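Structure at a glance
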Amino acid sequence: MKTHNQKIESPFLDEKEVTLHIKREDTIHPLISGNKYRKLKYNLLEAQNQDQDTLLTFGGAFSNHIASVACAGHEQGFKTIGVIRGEELEGNWEDNPTLKLANDHGMQFHFVSRSAYRNKTESNFIQQVEDTFGEFYLLPEGGTNELAVKGCAEILTEDDSTFDYICCSVGTGGTVAGLINSSQPHQTVLGFPALKGDFLKADIRTFAQNDRWQLLTDYHFGGYAKVTLELVQFINDFKKGTGIPLDPIYTGKLVFGIFELIKQDFFPKGTQILAIHTGGIQGIKGMNQVLEQKKLPLLDV
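Predicted model, so just to flag it, every value in this text is computed and none were measured. (Residues numbered from 1 in each chain as written. Predicted model: local features only at pLDDT ≥ 70, side-chain atom pairs only at ≥ 80, totals over all residues. Heavy atoms only, no water.)

**Some remarks on the pairing of strand E5 (residues 107-112)**
Taken together, the six bridges between strand E4 (residues 79-85) and E5 define a ladder with parallel strand orientation. Bridge assignment links Arg85 to a residue of E5, and that residue is Val112. After leaving E4, the chain enters helix H4 (residues 97-104) and then returns to the sheet as E5, a path that is right-handed. (Pairing = 2+ DSSP bridges. Helix = DSSP H or I, 4+ residues; strand = E, 2+ residues; numbered from the N terminus. Right-handed = clockwise from strand over helix to strand, strands pointing away.)

Structure follows, in C-alpha cells:
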C-alpha cells in the first residue's frame, strides 16, 4: 500500500502564490481505493476477531461503499450481503456497473423499497435481515463508525505536517473526522459536503476531537449525485492537465471548490493546501450512463 502527494502545476496557482498537492489515496488498491480502504481496515479486523464470516452493509445503486465491501470481502474471505435501496433495481441490476462489479466479487443483494430503506438503522429492520440471512458483521451505510474514523486518521502522515489546509470531500463525515483527529495544531481541515444542508456538523462532532475544521457547503452542485456540464468539463480538463482522474460525486466537486476558493483569495499568499483524493473512480461508468441519457458530454474514463 503506497500513496503519494502529487503537486499540481498551474500558472493560475503560481499567480495566486498558493501551492496545491493531491494525496493520491486512489492509488492504494485497484478496487478498494481511498477512504473506503481506510474505513474497512479496522472493521475487517474486528469482524475476524468476532469470528464472523459474513459482512452486511447498505447502499444505493452506484455506491462506492457497496463495491468496496464486496471486493474487500472477496479478498479477505468474507461472504458479503448488500441491502440495496430501490426494489425496482432487482430485475435489471446487471446493467449497473457498480452492482455488476460487486456481484462479480461475490456480493449477494437484498433489494428494498426506498421507504423500507429509511428504517435501515432500526432494530426491527436489522432483525428481519438477520432472520433472512443469519448472523453478520454490520457495516453502516457509507462505512462510518468509530473504527472507520480510526482508519481514516491514518491518511495523514508526518510528511504532511508542512501543509496549512487539509481539504476533503464529505459524505457521511467519517473521513473528515479522521483527518481532523490526526491534523496538526497549526492545520485547518476544510470539508466539502456532497449533500445539501448543514446537518453533517453534528455527525462529525460525534467523532471529531478538536474544533480546527470548517464545512464549505457551496460546492455540492445541487446535491448528492447531481452534476452539471461545468463540473464535467472541469473534471475532464483537470485529468487532461494533471493525469489525475476525479470522480463526479466527491473529488470532482472538492477540487472544483478549492479552485473557486483560490480565485476568491480565500487562502492567503504562501498557503500550502493538501487535498485528499478519496478514490471512487469506479463510479464514473455509472455516471456516464446518466450523462448519456441526458445527452451531456461524458467523463473521461
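Having put the structure on the table, let's press on.
**Notes on the pattern of salt bridges**
Where charged atoms from two side chains of opposite charge come close, those side chains can pair. As enumerated under the stated definition, the model contains twelve salt bridges in all. Residue Glu25 is joined to Arg38 by a salt bridge in which the shortest nitrogen-to-oxygen separation is 2.7 Å. Taken together, the positions of Glu25 in the loop between strand E2 (19-23) and helix H2 (34-49) and Arg38 in helix H2 put the pair 13 residues apart, joining distant regions of the chain. Comparing Glu25 with Arg38 shows no difference in burial state: the two are buried. Salt-bridge contacts for Lys41 lead to Glu154; the nearest nitrogen and oxygen are separated by 2.8 Å. (Salt bridge = Lys/Arg side-chain N within 4 Å of Asp/Glu carboxyl O. Buried < 20%, exposed > 50% of the residue type's maximum accessible area, 1.4 Å probe, protein only.)

**Overview of the environment of Glu87**
Along the chain, Glu87 turns up in the loop between E4 and H4. For Glu87 and Ile281, which are 194 residues apart along the polypeptide, the C-alpha to C-alpha distance reads 25 Å. Discounting residues that sit within four places of it in the chain, Glu87 has contacts with Phe111, Val112 and Ser113. (Contact = heavy atoms within 4.5 Å.)

**Here we look at the sheet that holds E4**
The four strands are arranged E5-E4-E3-E6 in an open sheet whose pairing can be described as parallel. Every interior strand has two partners, whereas the edge strands, E5 and strand E6 (137-138), have only one. Across the sheet, H4 is in contact with E4 and E5; its angle to E5 comes to roughly 135°. Against the sheet, helix H6 (residues 123-133) contacts strand E3 (54-59), E4, E5 and E6, and its axis sits at roughly 135° relative to E3. (Axes fitted to C-alpha atoms, helices over the stretch in contact; angles between N-to-C directions.)

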